[in-house]
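This is what each chain is made of:
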Amino acid sequence: MALEVVGGALISASLHALFADIHVIFDFVRRNKVDEEQFRRLENKLLLANGVLDDAEKQQIAKPDVREWLQKLRDAILNAEDLVDDIKTEADRQMGFGLRKFFSSRFAVKDVEHRIVTIINSVDGIVDDMKRLGLRKGVQTITFQIQRSSLNILAKESEVYGRAHEKEAIIRFLLSDSGSGRTFSVMPIVGMGGIGKTTLAQLVFRDVNDDKVVMEKPFLIKAWITVADESKSDVFTITKAIYEAVNGPLDNTIKETFQVQLKLKDAMEGKKFLLVLDDVWNVDYQTWNDLQIPFESAANGSKIIVTTRLQKIAEVLVTVDSTELHLRLLSEADCWLLFSKHAFNNVEPSSYPHLEVIGRKIVKKCEGNPLAVKSLACLLHAQLDPKKWENVLVNDIWELDQGEGDILPALWLSYSYLPRNLKRCFAYCSIIPKDCIFHKDRLIFLWMAEGLLQTQNNMMLEEVGEKYFEDLTSRSFFHLEKGGTKFTMHDLVNDLAKFVSRESCLSLSDNCSGNLTRRTRHISCKDYETSDFSKKLEDLSKNTVLRTLLVLDGSWGGVEKKQYRISPDELRSMRYLRVLSVPQNRSTLEGLTKLLKSIGSLKLLRYLDLSHDVGISEIPDTICELNNLQMLRLEGCENLHKLPESIGNLKHLRCLNLSHTPIEKIPETVCKLHELRELSLLNCEKLTQLPTNITMLTNLRKLDTFGTSLKEMPPEISNLKNLQTLSEFVVGKSKSTKELGKFPNLHGFFCIRGLEDVEEVEDVSKANLKNKNNISMLTLVWTDGIDVSHDKAQEVLGRLEPHTNIEKLQVENYGGMSFPDWIGHRSFSCIKHVVLDGCKNCSRLPRLGELPSLEVLWIKGFDMVERINDEFYLNDSTSSSSPSCVTEPPFKSLNKLRFDNMREWKEWSLVDRAFPNLKELEFGYCPKLKGACTYLPSLQHLVISTHQPLASLSRCQYPSLWFLEVYDCPGMKSFPQGRLPSTIKRIQIRECDDLESLTEEGWPCSSLQSLHFLECYNLFAHRSKKRNLGMLISLTTLQINYVNMEGVDSFPEEGQLPTTLTSLYLSRLDNLQSLNGTALRHLTSLQKLCIRFCEELQYLPWLPTSVSELNIYECSLLEPRCQRGIGQDWNKIQHITLLRIGDERMYV
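Residues numbered from 1 in each chain as written. Predicted model: local features only at pLDDT ≥ 70, side-chain atom pairs only at ≥ 80, totals over all residues. Heavy atoms only, no water.

The protein chain is annotated in an unreviewed UniProt entry as Disease resistance RPP13-like protein 1 of Rhamnella rubrinervis.

Let us now look at helix α13 (residues 332-343). Across its twelve residues, α13 extends 16 Å between first and last C-alpha, which sits within 8% of the 16 Å expected from 1.5 Å per residue. Listed as buried for α13 are Asp334, Cys335, Trp336, Leu338, Phe339, Ser340, His342 and Ala343. Packing partners of the buried residues in α13 comprise α14 (353-365), α15 (370-379) and α16 (386-394). Directly beyond the C-terminal end of α13, a positive phi value near 55 degrees is found at Asn345. (Helix = DSSP H or I, 4+ residues; strand = E, 2+ residues; numbered from the N terminus. Expected span 1.5 Å × (residues − 1). Buried < 20%, exposed > 50% of the residue type's maximum accessible area, 1.4 Å probe, protein only. Contact = heavy atoms within 4.5 Å.)

Once that is clear, we can look at the confidence of the model for the protein chain. On average, residues of the protein chain carry a pLDDT of 83, and 86% of them reach 70 or more. Taken as a whole, residues 1-7 scores under 50 in pLDDT and shows 23 contacts with residues more than four places along the chain or in a different chain. Across residues 141-151 the pLDDT falls below 50, and counting only partners more than four positions away or on other chains, this stretch makes 22 contacts in the model. (pLDDT = per-residue confidence, 0-100.)

This brings us to the pattern of salt bridges. Counted under the stated rule, the structure contains 48 salt bridges. The partner of Arg519 in a salt bridge is Glu68, and the shortest N-O contact between them spans 2.7 Å. Taken together, the residues Arg519 in the loop between β9 (505-508) and β10 (522-525) and Glu68 in helix α4 (residues 64-96) connect sequence positions 451 residues apart. Residue Arg519 is classed as buried on the basis of its relative accessible area of 8%. For Glu68, a relative accessible area of 31% corresponds to the partly exposed category. Between Asp763 and Lys766 there is a salt bridge; the shortest N-O distance is 3.9 Å. With a relative accessible area of 14%, Asp763 lands in the buried category. One salt-bridge network, held together by shared partners, links Glu81, Asp82, Asp85, Arg521, Arg547, Arg578 and Arg606. (Salt bridge = Lys/Arg side-chain N within 4 Å of Asp/Glu carboxyl O.)

Once that is clear, we can look at the packing of aromatic side chains. In this description, an aromatic ring pair is defined by two values, namely the gap between the centres and the angle between the planes. Following the criterion strictly, the structure yields 36 aromatic pairs and no others. For the pair Trp822 and Phe828, a centre-to-centre distance of 5.7 Å together with 45 degrees between the ring planes defines the contact as tilted. Note on accessibility: Trp822 and Phe828 belong to one class, buried. Cluster of aromatic residues (ring-pair linked, three or more members): Phe872, Tyr873, Phe891, Phe899, Trp905, Trp908, Phe915 and Phe923. A cation over an aromatic ring shows up here: Arg360 above the ring of Trp336, its NZ or CZ 4.2 Å from the ring centre. Cation over ring: Arg986 sits above Phe963, and NZ or CZ is 4.1 Å from the ring centre. (Phe/Tyr/Trp six-rings, centres within 6.5 Å; stacked < 30°, edge-to-face > 60°. Lys NZ or Arg CZ within 6 Å of the ring centre and 35° of its normal.)

Quick look at the sheet that holds strand β7 (residues 479-480) now. Read across the sheet, three strands follow the order β6-β8-β7 without closing on themselves; strand pairing throughout is antiparallel. The open sheet has two edge strands, β6 (438-439) and β7, and neither has a second partner. Bridging between β7 and strand β8 (residues 486-488) involves two bridges; their strand directions are antiparallel. Across the sheet, Leu480 pairs through a bridge with Phe487, a residue of β8. (Pairing = 2+ DSSP bridges.)

Moving on, we get to the state of the cysteines. In total, this model carries zero disulfides according to the counting rule given. Of all cysteine sulfurs, the one in Cys842 lies closest to Cys839, which takes part in no disulfide; the gap is 5.3 Å. A relative accessible area of 0% places Cys839 in the buried class. (Disulfide = S-S within 2.5 Å.)

A few words now on the pairing of strand β34 (residues 1010-1014). Buried residues dominate β34, accounting for five of its five residues. The alternating pattern of β34 places Ser1010, His1012 and Leu1014 and Leu1011 and Phe1013 on opposite faces, both of which are buried. Sheet topology places strand β32 (residues 986-990) next to β34; five bridges connect them, and they run parallel. The residue bridging Ile989 from the neighbouring strand is Phe1013, located in β34. Sheet analysis places β34 next to strand β35 (residues 1037-1044), joined by five bridges and oriented parallel. What sits directly across from Leu1011, in β35, is Leu1038.

This is how it looks when you write it as structure tokens:
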């Protein structure tokens, strides 16, 4: 089991850090006349224990006593760390007050010596136990190794699901001709452990071997080499393995690398080969460059397939004529097929309905990892006891008795190959609850606060943390969310982190199974509903060694329910806290004052999060006496208008986050925070200026002022040489854009605001945006309503041409009459997102059709545009030639296009083959537009708030359209108007106050499944109008929200709704007094009924027996009638399986 190799690596890394800290404090210890010998004795004792760690790792496999010994050693190390940190803090305090010696009252010499003696005594016992247990020094490290070659069992194609697309991609690669002039091409297959990389490669390799892949020139050499062992990834070993796979055993007399390379070169001479290098871990560019030398003698068309978990390996090996193949997680449907095949022993799952319900939940728990699915299915093979299935469902996978199962070694390999420093950081991640989305930067600061980042060369700790994070991400421990700043952990990886950290880390929520122990050092608390959660926290204040207390808010991905409220008394006992996060605290004013005062006593605190606390109006000076504080988050404290002058005392502060606060002024004392790396002022709308001396913050890397009301930048802002993120530069009357030329390292998002204040156009060129290749998002803003010369605006925009690496471009309130040539030029091959807003003087749109990567385009507020013609699609050089010469369709990658507030736009002509991949199209207030594009083959989602395009839909061909959204269409009294495309499955109509009736013709009756009316207030106002939906024979979901039902006696009318409905949602139906029970009982397929905010609804009728879920909320007359056992309508609903009445959730 992996448990047997956890402790040693973590403990050894902790010891190395502790030894370094002990040496740092020796000078201070001498000056204060503390017995230095005691510290040396402690160090020697710990060195003795460190010497036998390798043997302990080996022996704990079979000896629980050794495992307990490792835990005791870890506790002693942590206690020693606490003492050393206390001393370092006191030393720092003395230096701050100019003292040479004398401890403060809380730091008497006798107290320090008593604590160290206590620790030494515990270590003495550990050393004695070491001898008793027979632990020996010098035993070779036993790592968790697996002979992959022995585990590569032949895959059965009948047991592989959901990989047809990927298999086809690999076969296309094998059949392709290299266009790069190279002899061979490489395709890396990348993915987390257990995702099926080896299995997929096996299937393809076997098809090639069995001649199922028809090739003009077949492979003469076909070889499979399992690399696996990281320590043996050198040129000689891999070349030898390839040679022996190709040509049999190598002569033992050959010892030199060049000799075996010559042998392999001769064996491959003129032959076309296929090599599979399976499970590659440690091949850098130099190794790969040397390794491929013999391959050059082979015939053209040779191929290499590589499987690896590491993105960085794939980037080294991939060739220009191929691409990396990233294996996605399997769909839930494919996972169920795999699970049922093994768990039910080829018996139809429906034969065991109770087991099928549990089994589907188990499959969901595996989150698309096929190895996890198969392993758990094999555990349950032919088991008919539901209790055993429930046990698999509720327990972490790592806690299950797997026998010879595959999950543990498969994922453990990734962990075992981590360096020791990364193992500590990964183990700490176990405090993050499952399904949480977390920020990279925040996690790095948590690592920093816990002392888990080790300085490297001249790198800042933030850079070290980023390197650690990127390494863990490349090894598939973290998965990048859309946008790139947030990440998640697969549940299996989260289970692994919990397994590694054991008792030291605990994530508390309703679903957690762990309990607080004296060894717990790090705790996170997530939202909860049950009283059982509160019981788990009763002993929290008794844990005096706690280092981390994270009360997670919604920004970590949790849905806000109830939250744990920390009390001042509990905090006082947690003197060793390094991390405290109590966002959205709901304390009274008195309680908040006491809480903040208690926080001020936590002298080791490095990370403090008080974000979104509406009660905080000021920060007390006691908080500003926390000399170790590195991170202070006050984001979203909506009553915080100022900071104290004493903020400048936080001399170790590295990050200050005041985003989304009404802060009006930043005190000048902030400029004394010389360690500050990050100052976040995002959306501080009342902030009009930065401190004058902000340029003293020479270590500042990130300054986020986007969304503030800054008038201009401070003097000499360009002196902040280390800035990598400057979200906004305000030109101002006295600030020239040429200052921007002095920021060569800007990264990410960058906005230039106030471009109307540019005085010298030549200065704009000196901003040198064209050479800032790390800016990925650029926003250029002129202030709306200020007149600027058309020619000057155009020249300014022309000189602001960015680097071609730009991914998103936004231009607002541009006053020119046309756009410079760089906008839309095909050289901007990375642009994915373009927003052009408020360009009121332009009568033509820029030529954007040849941007090869453009995915999202939003055109807004072009008051002069009347027609969109050919120039929108093609550049002059292309449009001047015959359209048949165009090799690629215009807007070939665009999938979302939005037009908004185009007051004069009348005509839109379409160039042949344009928009081949457009999936979403929106018209927002285009009142004069006569019609939309007639043919868009890939369009799936159409949004319209203009009457005319809606009326022309019957003439359009949208074969893929399935979602129609209509909103704010003045004058639209009936719907639909004309025949709608027959492919539509979902329709939403909102904010159409003139809508009075629903016609019975024109609907996509046979395909429409979901219909939603929102804020169509007068839809039921006229009793004489038709509103029959009974003809929608495929409709399963109907939602009606914010509608006036005055004059409606009862809803629905008989026959008004189709009998196919399975879900009915009624919300804010003003004046509705009764539901028509007779009409509802005809809905024999109805399963879910939701009634919300219907204040005048008086009673509940008898419902169809098919209803299994009923939700009633904020219905003041109805809720009392539905109370369990006593309500007047209880007998009508007591048979329903799931009831939510008000805040109460009931299972019947």
